[in-house]
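A structural walkthrough
So the chains spell out like this:
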Amino acid sequence: MSVKFGSSGIRGIVSEEITPQIALDFGLAIGSIYHEVVIGRDPRVSGKMLESAVVCGLLAAGSKVVKIGMVPTPTLAIASRNFDCGIMVTASHNPAEYNGMKVFKKGMSFDSKDQEEIEHLLNEKKWSFAKWEKTGNVSENGTALREHTDIILKNIKNAKLKVVVDCGCGAASVITPYLLREMGCQVITLNSQPDGHFPGREPEPMDETLGSLKIMVKTAGGDLGIAHDGDADRMMAVDNQGRFVTGDKMLAFFAVREAKKTIAVPVDTSRVIDDLLDGVKISRTKVGDVYVAEELKRIGGDFGGEPSGAWIFPGISLCPDGIYAAARLVELVNREGDFGDLLDDIPDYPVKRGAFPCSDRHKAMSGISRQLGKLGAINTLDGVRVDMEDGWVLVRPSGTEPKIRITVESMNRCDELYKMAEDIVKGEIK
Ligand code: MG
């Protein structure tokens, strides 16, 4: 089976798509190029199994490996600055049966050239085993969480807020509640025991999955609620009225406070950002935090983010850091006051998103592209986006799942445009 990097590394259902054999080969491929490698994992049930297989491959190729245990992805990304390469065994926000590998170099996700190099090795099985006396060695280091925490605390002021934190039983469980307490907050936790079955809720932090957090923030009189995905590169929030903060609103909230000259956002981001940020250059990228990070590096941007909950603060890290984002949000709310009121200052632009299963995305997209082209000028930065006077439609193949995604934004006819896009997509995927 050929192995392909998606926009966030390799990912699939364990023992079907992601096998110990693939993990072993992956370790051999990485180890034949990179000699000092740091590895971490989220709390998924299959994490230790896959980590062991990757480490075995790395050692067989002759690498020196340091294991930092169960940590969030942004913690591993920061640790990778001191190595040739960092590997995170995670399936991010996907359900419990998934797992995979994200790869980092000097604190940043592999770029497409680095990915292609590994893909080529994997698919051609072009590696050699190290001679017996050159096989690698492995050690463990438990300081990564402390180092990440200290970097954040150095950049954030103390805050005396009541914060409810829902870690979704993911990797954030071992850092966010403790960090916020060190900042001076009163912290109430939900789902903050690491558990790879994700018993509390699905790992993706969305309006539908955060019912308990919304209730808890309201009943406990919290100033805000924080939620993470399985590997804590994402952060979403709930306001003091128990309302879920949409990704577009969260993005706008951060952007108006962080932007000085330039920011980077993906092509599926609301126009609200263009209207709020006068005099700031907004660079649009393909969907995927990797592309946002690459663009930020290229333009020296102040901030980048995705409505999915990935926020990049280049002064801290070029990997989306849900932990830093949580601390920064708490600091801002502590400084500026009532979170709900602050959010109400940001206009609501109706956005509708949806996804449809599709096995042959390439074939479906060519038909979809033809049909959308009839509506207006198309932009093919990622998928197909059509901009109209009163809104826009974006249809694109998912970078991580066999799905076609629709995003529609329009002040007056969001539902109408969505229905039209849905009919086109359904007509092409059948
Ligand atoms: Mg994630």
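For the structure, see preceding data.
Summarised in this report is the structure supplied together with it. Computed from a prediction, not measured in an experiment: that's the story for all the values here.

Details of the coordination of the magnesium ion
Summarising the metal site, the magnesium ion is bound by the protein donors Ser92 (OG), Asp229 (OD), Asp231 (OD) and Asp233 (OD), whose distances to it range over 1.9 to 2.1 Å. Along the chain, the residues donating to the magnesium ion fall in the pattern S-x136-D-x1-D-x1-D. Taken together, the residues Ser92 in the loop between β4 (85-89) and β5 (98-105) and Asp233 in the loop between β10 (224-228) and β11 (235-238) connect sequence positions 141 residues apart. Of the two residues, Ser92 and Asp233, neither departs from the other in class, the shared state being buried.

Let's talk about the sheet that holds strand β18 (residues 384-388)
Pairing between the strands of a sheet comes from backbone hydrogen bonds, and it takes one of two forms, parallel or antiparallel. Read from one edge of the open sheet, five strands run β16-β20-β19-β18-β17, paired in antiparallel fashion. Strand pairing shows two members of the sheet lacking a second neighbour, β16 (351-357) and β17 (378-379), which therefore form its edges. Note: β18 against strand β19 (residues 391-397), five bridges, orientation antiparallel. When the bridges of β19 are listed, Val384 appears paired with Val395. Of the strands in this sheet, β17, β18, β19 and β20 (403-410) are in contact with helix α13 (residues 361-373), which crosses β19 at around 160 degrees.

Digging into the pattern of salt bridges
By the definition in use, this model includes 30 salt bridges. Linking Asp348 and Lys249 is a salt bridge whose minimum nitrogen-to-oxygen distance equals 3.4 Å. Of this pair, Asp348 sits in the loop between α12 (339-344) and β16 while Lys249 sits in helix α8 (residues 247-258), and the two are 99 residues apart along the sequence. The class of Asp348 is exposed, set by a relative accessible area of 58%. For Lys249, a relative accessible area of 11% translates into the label buried. For Asp387, the salt bridge goes to Arg385, with nearest N and O atoms at 2.8 Å. Taking the relative accessible area as the measure of exposure, Asp387 reaches 37% and is therefore partly exposed. Here the salt bridges share partners, and the residues they tie into one network are Arg41, Glu51 and Lys67.

Thoughts on the environment of Ala293
Within the secondary structure layout, Ala293 lies in helix α10 (residues 289-299). Assessed through its relative accessible area of 4%, Ala293 is described here as buried. On a C-alpha basis, the gap between Ala293 and Gly305 in space is 8.7 Å, while along the polypeptide they are 12 residues apart. The contact partners of Ala293, leaving out residues within four places of it in the chain, are Met108, Ile312 and Leu318.

Considerations on the environment of Met206
Locating Met206 in the fold gives a position in the loop between β9 (186-190) and α7 (211-219). Residue classification places Met206 among the partly exposed residues on the basis of a relative accessible area of 27%. Sequence separation of Met206 and Asn99 is 107 residues, and the distance between their C-alpha atoms is 20 Å.

Rules used throughout
- Residues numbered from 1 in each chain as written.
- Predicted model: local features only at pLDDT ≥ 70, side-chain atom pairs only at ≥ 80, totals over all residues.
- Heavy atoms only, no water.
- Donors = N, O, S within 2.8 Å, 3.2 Å for Na, K, Ca; no water.
- Helix = DSSP H or I, 4+ residues; strand = E, 2+ residues; numbered from the N terminus.
- Buried < 20%, exposed > 50% of the residue type's maximum accessible area, 1.4 Å probe, protein only.
- Pairing = 2+ DSSP bridges.
- Contact = heavy atoms within 4.5 Å.
- Axes fitted to C-alpha atoms, helices over the stretch in contact; angles between N-to-C directions.
- Salt bridge = Lys/Arg side-chain N within 4 Å of Asp/Glu carboxyl O.

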